[in-house]
Amino acid sequence: MRSRTLVPTLGAFLESEEAAHSSAPPDWIHVLAGLARAGTRIARVVARTGLTGTLPRTGDRNVHGEAATRIDQYAHNAVVEEVAADEMLCCIVSEEAEDLMPIPSSHPDGGCILALDPLDGSSNLGVNVPVGTIFSLLPYSSSDGGPGAGLTLTEILRPGRDQIAAGYVLYGAATVLVYTSGRGVHGFIRDPESGEFLLNRRDIRIPSPSARHYSTNEAYTRRWNPRQHELVRHFKRPPPEGAKGFSARYIGSLVADIHRTLLVGGLFMYPAFRGKPEGKLRLMYEAAPMGLIMEQAGGRATNGTEDILDIRPRHIHQRTPLFAGTRELVDAAASHLEGEAANSE
Ligand code: AHG
Ligand code: MN
Ligand code: MN
């Protein structure tokens, strides 16, 4: 009988690859399993929204003043229900919650911190553009006397380099889960029949040579600083004889833009500009998790000049500019933008 190579499920992969080898307390894999369960629930609701074409709005606004949809709230609640069950967390930082959310944890050393964008790109839902859930897991050592001793913000506001694991669930033509725990980036695709997430991309690396894509919202061109202008003009110039030129790709849903950049390469940019001095994307639950994914896949992520993973958040909803993708392209952007710093001295 032909042996069928069994494709590992997410659970089996986590047990064999992570629980056995991970340097971080292995309990975090239960949080990742909870995120996968929540992703399954959210995918179902997202698909229905795509079918009905409605975008039920709650009428209120989230902490960023953006019109929160019922689905953002649904996604937030689904994740909280699924991950709090294992009591492996001490708190959640969520785009949909103004303040830190302490979680009763029975974990002996306090458990870990989950930073979460429950639904990224939700404004695209009504037109069936892929959206996603972004997650970042940070260690929490209750240095101030045990899990019940109250959370200190200094323990929560940690640079992305401290992450135990990070990744996203992308709700597109297929539902995929991509994560890293610092030992490569792995992709799983949800099998609609079994409901299982099956390993389909092990140790994802940004290809070299990478796609010559630049990805940014050019509607803001007139608000960019001169060096950002110059950088994008550089991408638009006719290529040298025999070389390939750049193409523009921009979906407007971070998870979809990053997933494409991870698989084919390119440079995603959400710069700061007049009116958004710190850019739009949030450091703890958008830029830092995507930064770890990019670095683990051989790429890089900066705020234009410094590594995203080295930036310590000042507050839980801090925004940051984000340049992410093929290392050479992110480096080229940094040297352009540092040039701006030199000019303005
Ligand atoms: P969210 O839906 O979580 O608020 O995130 C939306 C973000 C991100 O998905 C995307 O990269 C960016 O908004 C697009 O912003 P612009 O429409 O300004 O280009
Ligand atoms: Mn988002
Ligand atoms: Mn969101």
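As the structure is a computational prediction, the values presented were derived from the model and not from experiment.

Quick look at the overall build of the protein now. When you go through the protein residue by residue, the secondary structure sums to 8 helices and 15 strands. Here the protein, with 345 residues, has 52% of them falling under the buried criterion. Considering only intrachain contacts with a sequence separation of at least 6, the fraction spanning at least 24 residues in the protein is 65%. A total of about 15,100 Å² of accessible surface is found on the protein, and carbon and sulfur atoms cover 51% of it.

Another point: the coordination of the manganese ion (ligand 3). Summarising the metal site, the manganese ion (ligand 3) is bound by the protein donors Glu95 (OE), Asp117 (OD) and Leu119 (O), whose distances to it range over 2.0 to 2.2 Å. The sequence pattern describing where the donors of the manganese ion (ligand 3) fall on their chain is E-x21-D-x1-L. Here the manganese ion (ligand 3) and the manganese ion (ligand 2) are spaced 3.7 Å apart, and both take aspartate 117 as a donor. Of the residues examined, leucine 119 reaches a relative accessible area of 2% and is grouped as buried.

In the first shell of the manganese ion (ligand 2), the protein supplies Asp117 (OD), Asp120 (OD) and Glu286 (OE), at 1.9 to 2.1 Å from the metal. One chain supplies every donor to the manganese ion (ligand 2), and in sequence these donors are spaced D-x2-D-x165-E. Accessibility expressed as a relative area gives 5% for aspartate 120, which makes it buried.

What follows deals with the packing of aromatic side chains. Tallied over the full model, the rule gives 9 aromatic pairs. Taking 6.2 Å as the distance between ring centres and 20° as the angle between the ring planes, the aromatic pair formed by tyrosine 179 and phenylalanine 188 counts as stacked. What makes phenylalanine 188 buried here is its relative accessible area of 0%. Members of the aromatic cluster, joined through ring pairs, are Phe13, Trp28, Tyr179 and Phe188.

Across the interface, helix α6 (residues 254-264) lies against helix α7 (residues 283-296) with an axial gap of 11 Å and an inter-helix angle of 10°. The angle between α6 and α7 places the two elements in the roughly parallel class. Considering only the axes of α6 and α7, their crossing is right-handed. Between α6 and α7, the residues in contact are Leu254, Val255, Ile258, Thr261 and Leu262 and Glu286, Met290, Ile293 and Met294, respectively.

Moving on, we get to the site of ligand 1. Around ligand 1, 18 residues are found, and the nearest of them are Asp120, Gly121, Tyr220, Tyr250 and Tyr270. Glutamate 95 has a polar side-chain atom sitting 3.2 Å from an oxygen atom of ligand 1. Summarising the interface, the protein chains cover 87% of the accessible area of ligand 1, which totals 480 Å² for the free molecule. In terms of residue count, the dominant contributor to the shell around ligand 1 is strand β5 (residues 112-120) (3 residues). Taken together, the residues of the shell around ligand 1 sort by class into 6 nonpolar, 5 polar and 7 charged.

Moving on, we get to the sheet that holds strand β3 (residues 89-94). Judged by pairing direction, the sheet is mixed, and its 8 strands sit side by side in the order β4-β3-β5-β6-β7-β8-β9-β10 without closing on themselves. Only two strands of the sheet have a single neighbouring strand rather than two, namely β4 (101-102) and β10 (197-201). Summarising the sheet, strand β9 (residues 185-190) and β10 pair through 4 bridges and their orientation is antiparallel. Among the inter-strand pairings, arginine 190 is bridged to a residue of β10, identified as phenylalanine 197.

The side-chain alternation of strand β13 (residues 267-270) yields two buried faces, one formed by Leu267 and Met269 and the other by Phe268 and Tyr270. Where strand β11 (residues 213-215) and β13 come together, 2 bridges link them in parallel fashion. When the sheet's bridge partners are listed, serine 215 is paired in β13 with phenylalanine 268. The sheet contact formed by β13 and strand β15 (residues 322-325) spans 4 bridges and is antiparallel. Across the sheet, methionine 269 pairs through a bridge with phenylalanine 323, a residue of β15.

Taken in spatial order, the 5 strands make up an open sheet running β12-β11-β13-β15-β14, and their pairing is mixed. At either margin of the open sheet sits one strand with a lone partner, and together these are β12 (247-248) and β14 (300-302). One ladder, built from 3 bridges, connects β14 with β15; its direction is antiparallel. The partner of arginine 300 across the bridge, within β15, is glycine 325.

Cut-off values and rules
Residues numbered from 1 in each chain as written. Chains lettered and ligands numbered in written order. Predicted model: local features only at pLDDT ≥ 70, side-chain atom pairs only at ≥ 80, totals over all residues. Heavy atoms only, no water. Helix = DSSP H or I, 4+ residues; strand = E, 2+ residues; numbered from the N terminus. Buried < 20%, exposed > 50% of the residue type's maximum accessible area, 1.4 Å probe, protein only. Contact = heavy atoms within 4.5 Å. Areas by Shrake-Rupley, 256 points an atom, 1.4 Å probe, with all protein chains shown as cover. Donors = N, O, S within 2.8 Å, 3.2 Å for Na, K, Ca; no water. Phe/Tyr/Trp six-rings, centres within 6.5 Å; stacked < 30°, edge-to-face > 60°. Axes fitted to C-alpha atoms, helices over the stretch in contact; angles between N-to-C directions. Parallel < 35°, antiparallel > 145°, perpendicular 65-115°, else oblique. Left-handed = near helix turned anticlockwise from the far one by under 90°. Near = heavy atom within 4 Å. Polar contact = N/O pair within 3.5 Å; in protein donor to acceptor, adjacent residues only side chain to side chain. Nonpolar A, V, L, I, M, F, W, Y, C, P; charged D, E, K, R; others polar. Pairing = 2+ DSSP bridges.

Interpretation in functional terms is not warranted from these geometric data alone.
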